[in-house]
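In case you want the letters, here they are:
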Amino acid sequence: MSQDAARAVLDPSSLDALGAICDLAPLPALDDLTTPRAREVLAEVEVLVTGWGCPPLDASVLRDAPRLRAVVHTAGSVRGFVTDACWERGIEVSSAAAANALPVAEYTLAMILLTGKRVLERARDYRTTRNRADWLGTPHDVGNYRRTVGILSASLIGRRVVELLRPHDVEVLLHDPYVSDADAAELGVERVELAELFARCDTVSVHTPLLPATRGLVSRTLIDSMPADAVLINTARGAVVDQEALTDAVLAGRIRAVLDVTDPEVLPSEHPLWRCENALITPHLAGSQGNEWRRLADHALAEIARWSSGDGFRHPVRRERLAFLA
């Protein structure tokens, strides 16, 4: 992993805990797998603990790592560095995607509730006027009681958002082509087609991975079908949404948007969404940050302890599932 990722995720106490369950190669972390030191370490390594900035584990790297049997990733997606050579070698892979899903889901829940109550806009108005508005005159479309929330994709994050919404008096709809009506009933949601999700929901939250089939999935037609003043929340990938269509709808005041990701990321400084009061843009902060990095380290420690005891990974990444993963 990169040196920055190593310092962020693996604090001294995590390193001590890691050293208690395995023979830990001396720091610094490897961020280049072609150096003489890297080759020396790889010659002995059985497990690689990886993170953001990990170079590809290609055939040449694996030749230098004849004893490598497992990869434990302290972040989410492994698509950028786990290559076909790893799968062909039979290397086991674990990811902290489930752990990283938790703060994203918490961010999403917060934004669903805040936008339903129009907290950000009302706080801005209050700051400007210094005068509390007539609260008994609040429009009846403000609030979260019986609000209809749509979840796009029953991913790890999407499912966690559904769980977090259960205590709230909202109706939850789900679109995921791989989820049956029975699966949806078990989740406690109503499964609907994509067009219906956008046409019926007061809030739509996007949780689908960016794959060839999902690029531009949230199209102009879908965005234009959303009810007036509906909210689109995107914590997935910016390119899943037609950015131009979304910009047009938000600038026109038809809908509101909460975007933790954009296309491109970062938006150009002159992009109109920066100055639009109907859009809240955050700097890709929904995922693990700050003290939440410790959860990723703890996840890796638990996985290594299970694997080394012969129990296998609790959160394995399967090659056959890669086409559906971020």
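Residues numbered from 1 in each chain as written. Predicted model: local features only at pLDDT ≥ 70, side-chain atom pairs only at ≥ 80, totals over all residues. Heavy atoms only, no water.

1. Digging into the UniProt feature "domain: D-isomer specific 2-hydroxyacid dehydrogenase NAD-binding" (unreviewed entry) in the protein chain
Move 1: Following the UniProt record, the feature "domain: D-isomer specific 2-hydroxyacid dehydrogenase NAD-binding" (unreviewed entry) maps to residues 110-286 here.
Move 2: Across residues 110-286 one finds 32% helix and 16% strand; the C-alpha atoms that close the span lie 11 Å apart. (UniProt positions renumbered as here; feature names shortened; annotations may be inferred. Helix = DSSP H or I, 4+ residues; strand = E, 2+ residues; numbered from the N terminus.)

2. Thoughts on helix H8 (residues 156-165)
Move 1: Looking only at H8, the buried set comprises Gly158, Val161, Val162, Leu164 and Leu165. Along the axis of H8, the buried residues cluster in a sector spanning 165 degrees; they form a single face.
Move 2: Close packing links the buried residues of H8 with helix H6 (97-116), strand S4 (147-152), strand S5 (170-175) and helix H9 (181-187). (Buried < 20%, exposed > 50% of the residue type's maximum accessible area, 1.4 Å probe, protein only. Arc of directions from axis to C-beta. Contact = heavy atoms within 4.5 Å.)

3. Section: the environment of Ser60
Move 1: Within the secondary structure layout, Ser60 lies in helix H4 (residues 59-63).
Move 2: The exposure class of Ser60 is partly exposed, given its relative accessible area of 33%.
Move 3: Distance from Ser60 to Glu190, taken between C-alpha atoms, is 48 Å for residues 130 residues apart in sequence.

4. Some words on the sheet that holds strand S10 (residues 279-281)
Move 1: Strand order in this open sheet of seven strands is S6-S5-S4-S7-S8-S9-S10, and the pairing throughout is parallel. Strands at the two margins of the open sheet, each flanked by one partner only, are strand S6 (190-191) and S10.
Move 2: Bridge count for strand S9 (residues 256-259) against S10 is three bridges, and the pairing is parallel. Across the sheet, Val258 pairs through a bridge with Leu280, a residue of S10.
Move 3: Sitting on the sheet, H8 is in contact with S4 and S5, with an inclination near 160 degrees to S4.
Move 4: Sheet strands in contact with helix H12 (residues 243-251) are strand S8 (231-234), S9 and S10, and its direction is about 135 degrees off that of S9. (Pairing = 2+ DSSP bridges. Axes fitted to C-alpha atoms, helices over the stretch in contact; angles between N-to-C directions.)

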